[in-house]
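Observations on the three-dimensional arrangement
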Amino acid sequence: MAAKELKTYTREQVALHNTEDSLWIIIDSKVFDVTRFRNLHPGGASVFTDEGIPGQDATEAFFGLHRYEVLEKPQFARLQIGIVEGEEPQIRGGIVRGEVSKVPYAESTWLVEGFKSPYYKESHRRLQAAVRKFVDELVYPDAQERELDGKRPSQSVFDEMAKVNLHAMRMGPGKHLQGLTLMGGAVTPEEFDYFHELVISQETARCGARGYGDGLLAGCVIGLPPVLNFGSPELKARVVPEVLSAKKFICLAVSEAYAGSDVFGLQTTATKTEDGRHWIITGTKKWITNGTFADYFTVGCKTEDGFTVILVERGEGVSTKPIKTSYSPTAGTAFVTFDHVKVPVGNTLGEEGGGIFVMLSNFNHERWVMCCFNVRAQRLVVEECMKWVNQRKAFGKPLHSLAVVRSKLAAMISRVEGLQGWLENITYQMCNMSYREQASKLAGQIAFLKSQCTRSAQLTAADAVQIFGGRGITQTGMGKFIEHYHRTVTFDALLGGAEDVLSDLGVRQAIRSMPSDVRL
């Protein structure tokens, strides 16, 4: 279908169309005929008869009520009949695919022109550019749709991610990357480090869809590393390729109705058969991300000699049902039942009774990934607020003219910049420590960081709602990302360990490291 030819009009010509029978308006140098649309307008027809609207430039009024994306929707874009003579559009809104935002503090400083960083090399910049383009073009549109309809993220997105080996890169650096072409060659397997993984996590978080973010195989990010790091060669050869190719899905199943952060309080049991060749697993798991569509479950079990982690394949005796939570069902949050499930002993991950080390080392990576997402999500909120206070007027002045609003912005910006710096410091340590060293030295650091991230996030969510007012509690329109963020922000404060538990973990680890000979 050929594109509609747009005519050129002078502002004087547009001004003549100011009646109910012929009603035109100008928005950012574009001329729209809203004569027929006037009575279909969701906000009522009266807005088109307000002073300064009929036949006039309604740009300021429009952006005081609508997001830029409204103009891009086909049903509204077709209302454009022309452009203003000698003028060009001045406003760039929404996501400009693949580009770095020019809004102050909307990006980490290493992406801002003129700023330097000791952490990021050219390969990180190549990867960031490639992933941003990929996310903006393929992931973001799917995220907005699935977050609303609650369906699992589209298989086509999983498949495209597999083609460029994004699933593999989200596992972090390691042997599993050997021989792979990463993101079209943006980075080599030998170069890939935790800063590359940080880049991927933070670019994905820009979608602003919390449920979808978890649905985008967060279960794999936390459920597959134990297989990679502690599974037998035979088990890895069978499971890892089909999971990283998104042909099958995996999740981590530890939390229970009886035990969340209290891993030693688990009641799911695994007992061996008389011949010692199989485990019989019985129990339930709750709030399991991706559980509704998972094919494999990395399960924490109570065994005769302590706590053991076992990989369970969906089959006889395994059942799942969805749990309704504050965010979208697209995350696949599940209640999982294991009813005398028979599993080969060869599916044991790590040593029998050694599950606590498997989980502790895995918890570090899980919590670090959550921090990557959390900090970037806070930055997205900062960007939304910066745009809003610049275009919204109150008491006849821009919202940013109010000192109380500037104070809230200052606090939000300070929090996110401080957290990004702390996150990058820990990431640097991870790049220079073995997996075992990370487990012993960084557990407290990462626990403190996650706790601080989630507490800061809740403050930022509350401040953002105050800045957006009623729009901040409305699921559509100008404040939709703020409403969503405020509604789902507490997930990070619980998943991967509650705030108080993690803070206490950090202090206890510090106390254990205290030298015995120090005194005041």
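Reference entry: report on the structure contained in this document.

Structural notes on the pattern of salt bridges
Applying the stated criterion to the full structure yields 34 salt bridges. A salt bridge links Glu 191 to Arg 126, with the nearest nitrogen and oxygen atoms 3.9 Å apart. Placement of the pair is Glu 191 in the loop between helix H7 (166-169) and helix H8 (194-205) and Arg 126 in helix H5 (residues 122-149), with a sequence separation of 65 residues. The class for Glu 191 is partly exposed, based on a relative accessible area of 37%. When its relative accessible area of 37% is taken as the criterion, Arg 126 is described as partly exposed. Put simply, Arg 206 and Asp 136 hold a salt bridge, and the shortest N to O gap is 2.9 Å. Of this pair, Arg 206 sits in the loop between H8 and helix H9 (210-215) while Asp 136 sits in helix H5; the two residues are 70 residues apart in sequence, bridging distant segments of the chain. The class for Arg 206 is buried, based on a relative accessible area of 10%. Judged by its relative accessible area of 2%, Asp 136 falls in the buried class.

Topic: the side chain of Thr 454
Position of Thr 454 among the secondary structure elements: in helix H16 (residues 443-468). Judged by its relative accessible area of 2%, Thr 454 falls in the buried class. Of the polar contacts made by the side chain of Thr 454, one reaches the side chain of Glu 499; its length is 2.7 Å.

With respect to the nonpolar core
Formed by 103 residues in total, the largest nonpolar core has its most connected members in Leu 127, Leu 166, Met 169, Met 183, Leu 224, Trp 368 and Ile 467. The element that contributes the greatest number of residues to this core is helix H13 (residues 355-391), accounting for 16 residues. Not counting residues up to four positions away in its chain, the partners in contact with Leu 166 are Val 131, Phe 134, Met 161, Met 183 and Ile 200.

Section: the sheet that holds strand S1 (residues 7-9)
Taken in spatial order, the five strands of this open sheet run S1-S5-S4-S3-S2, and their pairing is mixed. Where the open sheet ends on each side, the last strands, each with one partner, are S1 and strand S2 (18-19). Looking at chain direction, strand S4 (residues 30-33) and strand S5 (residues 80-84) are connected through three bridges and run antiparallel. Its bridge partner lying in S5, Phe 32 is registered against Gln 80.

Here we look at the environment of Asp 275
Mapped onto the elements, Asp 275 comes out in the loop between strand S7 (269-272) and strand S8 (278-288). A polar atom in the side chain of Asp 275 sits 2.5 Å from the side chain of Thr 273. A polar side-chain atom of Asp 275 sits 3.0 Å from the main-chain amide nitrogen of Arg 277.

Quick notes on the packing of aromatic side chains
If you walk through the whole model with that rule in mind, you get 16 aromatic pairs. On the numbers, 5.2 Å between centres and 70 degrees between planes, the contact of Tyr 120 with Phe 195 is edge-to-face. With Tyr 120 in the loop between S5 and H5 and Phe 195 in helix H8, this residue pair connects regions lying 75 residues apart in the sequence. Ring-pair connections join several aromatic residues into one group, and the members of that group are Trp 110, Tyr 119, Tyr 120, Phe 195 and Tyr 428. When the ring centre of Phe 363 is taken as origin, the NZ or CZ atom of Arg 367, which lies over that ring, is 4.5 Å away.

Quick notes on the packing of H8 against helix H14 (residues 403-431)
At a minimum axis distance of 9 Å, the contact between H8 and H14 shows a crossing angle of 140 degrees. On the basis of the axis angle, H8 is oblique to H14. Along the contact surface, H8 presents Tyr 194, Phe 195, Leu 198 and Gln 202, while H14 presents Gln 420, Leu 423, Glu 424, Thr 427, Tyr 428, Met 430 and Cys 431. Broken down by class, the residue content of the contact of H8 with H14 amounts to seven nonpolar, three polar and one charged.

Regarding the pairing of strand S10 (residues 306-313)
Taken across its eight residues, S10 has six buried, putting it largely inside the fold. Note: strand S9 (residues 296-303) against S10, eight bridges, orientation antiparallel. In the sheet register, Val 299 faces S10, and the bridge partner there is Ile 310. Here S9 folds back onto S10, and the loop between the two strands holds two residues. The pairing of S10 with strand S13 (residues 348-349) spans two bridges and is antiparallel.

The rules we used
Residues numbered from 1 in each chain as written. Predicted model: local features only at pLDDT ≥ 70, side-chain atom pairs only at ≥ 80, totals over all residues. Heavy atoms only, no water. Salt bridge = Lys/Arg side-chain N within 4 Å of Asp/Glu carboxyl O. Helix = DSSP H or I, 4+ residues; strand = E, 2+ residues; numbered from the N terminus. Buried < 20%, exposed > 50% of the residue type's maximum accessible area, 1.4 Å probe, protein only. Polar contact = N/O pair within 3.5 Å; in protein donor to acceptor, adjacent residues only side chain to side chain. Core = buried A, V, L, I, M, F, W, Y, C linked by side-chain atoms within 4.5 Å. Contact = heavy atoms within 4.5 Å. Pairing = 2+ DSSP bridges. Phe/Tyr/Trp six-rings, centres within 6.5 Å; stacked < 30°, edge-to-face > 60°. Lys NZ or Arg CZ within 6 Å of the ring centre and 35° of its normal. Axes fitted to C-alpha atoms, helices over the stretch in contact; angles between N-to-C directions. Parallel < 35°, antiparallel > 145°, perpendicular 65-115°, else oblique. Nonpolar A, V, L, I, M, F, W, Y, C, P; charged D, E, K, R; others polar.

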